[in-house]
Amino acid sequence: MAAAPETSYSYVQENLIFYLNGKRVEIAGAEVDPQMTLAEYLRSTGFTGTKVGCAEGGCGACTVMISVYEPENQVVRHRSVAACLLPLPYVDHMQVTTVEGISKSPALHPIQEHLAKKHGTQCGFCTPGVVMSLYSTATAREAESGAPLTEADIEQCLDGNLCRCTGYRTILEAAHVLASDYKLEGKLAADAEATTKPGCVRERVHQIVAALGFPEELKMAPRPLRLIGSQAAWYRPATLSELLDLKGEVPNAQLIGGKQAYPERKHDKPLIISGNTEIGYKARYHPRRPDSYPMYVSTAAVRELRTVEWTDAGVRVGVATTINGLVDVLRARVVNDDAFKDEGFRAICHHLHYFANNQVRDMGTLGGSLITCDPLSDLYPALVAMNASVRLASRTGTRDVLIDNFVVGANKTALHPDEVCASLFIPYTRQREYVASHKVSKRRVDAQAMVNAGLRAALEERDGGLFVKDCTLAFGAVGPRAAYRVCKTEEFLKGKPVDLDTLKGATKVMREELEQVVVKSRGNTTYRLSVACSLLCRFFAYIANREKAVLGALNKELCSAVEPEEHHVHKGLQDYEDPAEGSSVGRPVPHLAAEKHVTGAAQFIGDIPPPAGCLHAAYVTSTRAHARIIKIDASAALAIPGVHAVVTAKDVPGCNLLGSLKNDEEVLASKEVVFYAQPVAIAVAESHRLAQMAAQQVKVEYEDLPLIQTIDEAIAAKSYLCEEKVLERGDCKQILDSWPKERLITGEIVSGGQEHFYIEPQACLVIPTGDNYFVRVTSQNPSKMQRAVATVLGIPFHRVESRMERIGGGFGGKQDRPQFLAASCSLASCVTGHPIRMVLEREQDMQVTGQRHQFKTTYRLAYEPDGRIAAAELHMYSNGGCSLDLSPAVMEVAMFAVDGCYHLPALRMVGTCCRTNRVSCTAYRGFGKPQAMVINESLLDHVACAAHLSVQQVRDANLLKPTETLMDETPVEDSLYQCYKPLREKFDQKLADVTKFNEANVYRKRGISLVPSRNNVGFEADCLNQGGCLVNVYLDGTVFISHGGSEMGQGLHTKCAQIAADALKCPLEMVTVGSTATDRVPNTTATAASTGSDLNGSAVLDGCTKLRARLDAVSKESGVTEWSALISEAYNRCVWLSEVGHHKFESYAYNWETRKGRSTLYHIWGAALCVVELDVLTGRYTTISLDIIQDVGRSLNPAIDIGQIEGGVMQGIGLFTLEEYSWASDGHLRTRNVSTYKIPTHDDVPLEMNIALLKNSRSQLGVHGNKSPSEVGVQLGISVLSALKDAMYAARRQLCAPEEAGRYVRIDTPATCEKIRLACPTPFDQ
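If you're wondering where the values come from, they're calculated on a predicted model, not measured in any experiment.

Undergrad: So what's going on with the overall build of the chain? Residues and values would help.
TA: When helices and strands are counted, the chain shows 39 helices and 51 strands. Overall, the C-alpha framework of the chain stretches about 90 × 75 × 70 Å when taken along its three principal axes. Accessible surface computed for the chain: about 45,400 Å², of which carbon and sulfur atoms make up 51%. The averaged location of the 153 negative side-chain charges in the chain is 2 Å from the averaged location of its 140 positive side-chain charges.

Undergrad: Which residues make up the packing of helix H29 (residues 929-947) against helix H30 (residues 951-958), and what values go with them?
TA: For the pair H29 and H30, interaxial distance at closest approach is 8 Å and the crossing angle is 115 degrees. The chirality of how H29 crosses H30 is right-handed. The segment H29 lies against H30, with Glu-937, Leu-940, Asp-941, Val-943 and Ala-944 engaging Val-951, Val-954, Arg-955 and Asn-958. The residue makeup of the contact of H29 with H30, split by class, is five nonpolar, one polar and three charged.

Undergrad: Describe the nonpolar core, and please don't skip the residues or the numbers.
TA: Leu-115, Leu-134, Leu-874, Met-876 and Met-909 are the most contacted members of the largest nonpolar core, which totals 169 residues. The biggest single contributor to this core is H29, with 10 residues. Those residues in contact with Met-876, other than ones at most four positions away along the chain, are Phe-855, Lys-856, Thr-857, Met-891, Ala-894, Met-895, Val-898, Met-909, Val-910, Gly-911, Thr-912 and Ile-935. Of all hydrophobic cores here, the second largest spans 56 residues; its members include Ile-323, Val-401, Ala-422 and Ala-482.

Undergrad: Could you give me a rundown of the pairing of strand S16 (residues 389-394), with the residues and numbers involved?
TA: Judged by how many residues are buried, S16 sits mostly within the fold: five of six residues are covered. Two elements, S16 and strand S17 (residues 397-402), share six bridges in a ladder whose sense is antiparallel. Looking at the pairing, Val-390 lines up with Val-401 of S17. Between S16 and S17, which pair antiparallel one after the other, the connecting turn spans two residues.

Undergrad: Give a detailed account of the pattern of salt bridges, specifying residues and quantitative values.
TA: Counted under the stated rule, the structure contains 86 salt bridges. Linking Arg-430 and Glu-433 is a salt bridge whose minimum nitrogen-to-oxygen distance equals 3.1 Å. According to the relative accessible area criterion, Arg-430 is partly exposed, its value standing at 42%. Glu-973 is the partner of Lys-1267 in a salt bridge, and the nearest nitrogen-oxygen pair spans 3.3 Å.

Undergrad: Talk me through the confidence of the model for the chain; I want residue IDs and the actual numbers.
TA: Looking at the chain as a whole, the pLDDT averages 93, with 95% of positions reaching at least 70. Considering only residues more than four positions removed or in separate chains, one finds that residues 1-10, a stretch of pLDDT under 50, has 30 contacts.

Undergrad: Mind laying out unusual backbone geometry, listing which residues take part and the relevant values?
TA: With an omega dihedral of 5 degrees, the bond running from Thr-1309 to Pro-1310 counts as a cis peptide bond. Its place among the elements puts Pro-1310 in the loop between helix H38 (1298-1301) and helix H39 (1313-1318). The backbone of Ala-55 sits at a positive phi, close to 60 degrees, despite the residue not being glycine. Mapping Ala-55 onto the fold places it in the loop between helix H1 (38-44) and strand S4 (63-70). Taking relative accessible area as the criterion, Ala-55 reaches 15% and is therefore assigned buried. Its identity as a non-glycine residue notwithstanding, Asn-411 has a phi of 60 degrees, on the positive side. Residue placement: Asn-411 occurs in the loop between strand S18 (407-409) and strand S19 (412-413).

Undergrad: So what's going on with the sheet that holds strand S50 (residues 1181-1190)? Which residues, and what values?
TA: One open sheet accounts for five strands, arranged S25-S51-S50-S49-S43; its pairing is mixed. Of all strands in the sheet, those with a lone pairing partner are strand S25 (574-575) and strand S43 (1004-1015), marking the two edges. Relative to strand S49 (residues 1164-1175), S43 runs antiparallel, the two being bridged by 12 bridges. Among the inter-strand pairings, Ser-1009 is bridged to a residue of S49, identified as Cys-1170.

Undergrad: Help me get a handle on the packing of aromatic side chains, residues and values and all.
TA: Scanning the model with the defined rule gives 14 aromatic pairs in all. An angle of 70 degrees between the planes, with centres 5.9 Å apart, marks the rings of Trp-310 and Phe-345 as edge-to-face. Taken together, the positions of Trp-310 in strand S14 (residues 308-310) and Phe-345 in helix H11 (residues 343-352) put the pair 35 residues apart, joining distant regions of the chain. Accessibility expressed as a relative area gives 30% for Trp-310, which makes it partly exposed. Residue classification places Phe-345 among the buried residues on the basis of a relative accessible area of 0%. In this structure an aromatic cluster arises from ring pairing among Phe-757, Tyr-1221, Trp-1223 and Tyr-1237.

Basis of the calculations
Residues numbered from 1 in each chain as written. Predicted model: local features only at pLDDT ≥ 70, side-chain atom pairs only at ≥ 80, totals over all residues. Heavy atoms only, no water. Helix = DSSP H or I, 4+ residues; strand = E, 2+ residues; numbered from the N terminus. Areas by Shrake-Rupley, 256 points an atom, 1.4 Å probe, with all protein chains shown as cover. Lys, Arg positive; Asp, Glu negative; His and termini not counted. Charge placed at Lys NZ, Arg CZ, Asp CG, Glu CD. Axes fitted to C-alpha atoms, helices over the stretch in contact; angles between N-to-C directions. Left-handed = near helix turned anticlockwise from the far one by under 90°. Contact = heavy atoms within 4.5 Å. Nonpolar A, V, L, I, M, F, W, Y, C, P; charged D, E, K, R; others polar. Core = buried A, V, L, I, M, F, W, Y, C linked by side-chain atoms within 4.5 Å. Buried < 20%, exposed > 50% of the residue type's maximum accessible area, 1.4 Å probe, protein only. Pairing = 2+ DSSP bridges. Salt bridge = Lys/Arg side-chain N within 4 Å of Asp/Glu carboxyl O. pLDDT = per-residue confidence, 0-100. Phe/Tyr/Trp six-rings, centres within 6.5 Å; stacked < 30°, edge-to-face > 60°.

In structure tokens form, the structure reads like this:
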């Protein structure tokens, strides 16, 4: 060990001290691992309400509140932060509050109460993070300013919280009660409001915040901190002078040395960190080497870096100011008196609204953003445009550098080795100096920019017009620098009049200039260049709008190009049938686990306390998509202390093959890898982080083999997974061959894949118990997990007990694919003899667990002059990946769904499943039906263009009539028309408004669509359409139920409890639904195919009905009717108070050989009417309204059913318009984390979403007349795509040449902003 030099500072702190939920925590410095995140620490100490969904600060599940005292302002600052990014030492001298600590009494905090009662939670995994975001925002506002929150404020604070289940509306509705402008709307909210505690929520929150204490110890000035751990060192200076001392090599720094010895390792260069949002992210994907010794220097306590100084020329802000802090500083200064001076401040504030997310803005700092100097930086372009400057400090003094000169390259600045960045100076703007800052990204909030722009122009008036005196135009995310100035364009503009000709000339110059520097690897180059030019157009429109008196003509021309600054608030109404008096069934009961969700008490697999001797496992994955394995070398991994084993295929005692329809995929690749990131081995170690590190040290040698990635490549190579399927009716060939050529069309359409993106990553815990194995895995199919473990270990099924209480979302992704995780974890347990926990990192989860199938369809069809389709011939191809999985079943469902709600009299379909070198595609909510809807809606769209009709005319012409049948010859039901007709009438009313809007706007267009939908229920194999349950009644009258279904947020347990309470005639609060377990209910069926409620609910009804019959006999004989007394009486009479229930669907499955049978148990009908507004200049859109009427039969629980529809709609919106995969040429998935793969946020929710459940509808085959709505919303989401295309065509009719305006435009899904924008050429694109 090498000794560090002495220090003259005697007051250095060497222990970590902070407060956690009000209790003091002190940890010796040697025991602190600076690389441990706050989330890791919290979870390891039992505060598992703090979840980890992405480990990169992008999902919000790990949100906590940190509170720190600012002595200069004598105020406590409360911030919401992502605990997965914060290093544990960062919170020294701070107070940390988790979801477990926000209520000091057994009663729920008002935020928790309203989320629970107003159905703002489904699976519950993301809920604690939502609670903490709201709590932090409300606490900060009450404690710091007392200014009332608005609904818009509330919505903005949630922009970093993802939810895949709810569809967000219920979360927003529950959260709005904190706002001063809250108004009660919606039937569900009104029903729930009656059950919440009385009193104004805002007043209750005010009282709670007023009672909050803050430790006096934390109000003292922080001392310099030095933590020397065995793995890394952490330093936190308290002054700028101390920071400068630490700028060199840390062991030689005079400030923090003392008699401390450092490990004999290679010392990394010190990392100076501020908010840690960037370094925390990098550490996640580039973990340290086993032989390295990282050293971190935190600037969090340096007083000089937090100062704010206003001068006559502008404002100087210390670089330790957070992004939200910067916004607060600038907004506080924006006044009406000198509005021209604050022009740039307003632009920056507007832009920073879209900077990352609220958690990152609350802890990420100005300095971190400046020093990182990321080419995608949201901050730099605006600062360059404003002529801002940075002050750099060193031991020799300070120097000021213009931001434009500070940037010297990609991630490179002009900072000297002995300097630190101390402050940022932003000047005032002058009279008639205008500034705009824009960000265009795939998703409006928390997404990396595709184009950033900072634009400034100083104008002068002469000769009755306005001319450009000087300007600065800076663009980010286009070139290699964080901000690239288009100097030639600036020179072109100087002295030019502000008019349309100048704008067109400038965009031409600018496009040529940007073409020379654009980085092509960052996305569609044509799109980014077009958007850059469009943003200059938007800037001109902004100036014209501000200078209407002088630029009236230009303002009239460009008024629709101005970007609206207001934040829209989301709302919605619900309508449903009232329940029968006295019945539990049909009531909008909140999720039974809602209170556990909002308090963080709901336990998921990763939250279970590890048993004694528990080890952790991590996959070693392939770095080739198709190759032979030559050698696996685990020696480097096994040499790391704490690593116990590296398990390979050679260690499998049973069978190494598993699958769904066929066992054709290896658990661990033995001789050949067939997709990138395929598991090759398993590293087993004493911690999760150590297992991940060990896995990266395993070296695998490969010999590359030919690679097939795409459907086209598979077709060329004739690489297929199974025999093709053929489905037809009518003489399609004869019609097509004889049809007039002018009414024949051909084409193709592609529907993209989709990541499940459940917020809870897949996880497994295996505990060996003697000769048996106890398995807990995130699965929709516990029995499948039991069989998989037994197969791989070579033991009988009964020696494996598989149990599942809840999972954090599934959507089909946790149906069959978790069997590989369960088998791997069990194999590691078998080899080591230890309990094993395995939790997949988000990046790995997305690469190994499969996704929705991509489809490519070629078609030829004949149509009538009125738009009716006479015949259609389709060849449907799916990319199934490397193994069979469920691909044939998905294809079959898709083929039966192609006709949708339309009558296609002659139709021939061929379905082919392609084998490629990608991870096997698997079940996904909708199971082929969303792909089928893309096909049929594209056909109608193509016909409409060819026949010169509107798409709605074509829909009406082809809509099923009461006498017509579907492909499987089942008749259409009246429910279709009961859903469709009211919306058809509303369509005509809204169409007039849309038309009027489009006539008045050139660069904003609205579109409208009305889409009917049909959904199926049930599995393709009759043996799977059965369910079972166990019902126990105890002497105190409580009821315990365990059924074969999996609770994953869809409210299955709640519905089953309602069914049980109704059948047993007992109070609902007496019923508990326990975990799903193979030792309680054997041979369970996957909770999938919309069967969960019907199969398991019917089984519960069967068991409870039989049990109630025995109780009725006792009641009749004894005269006892009260529930608890009746149970006692039954027991005294030796009546058995336990029962099993079972239910099976009637046989219906379609037989592909005999061509007999049905494609579904029953049909579920619905319709959606949608209006969107398209920003033609960027391709981005806003859903103005979405009205849905859905047939769910007799709803078992309308709140849950509406939540399922809304969640499905948002998943469908993501599928059809946003979520896009990108694969590299070597087969690796580029979009494999929350940063690169974007699901919808609350900002993508329709501004008005109204859901009505069809009244007086009953199913003859569903439990209690129910129809399952689990999947319908996904299909209804296509109404947004159809409306978006309608808006696109409206833009083309105005902007394109006549011969192009009405031409059919093929838009493959997802219809991203790039695709839509490039289909709408503007005058500024050339």
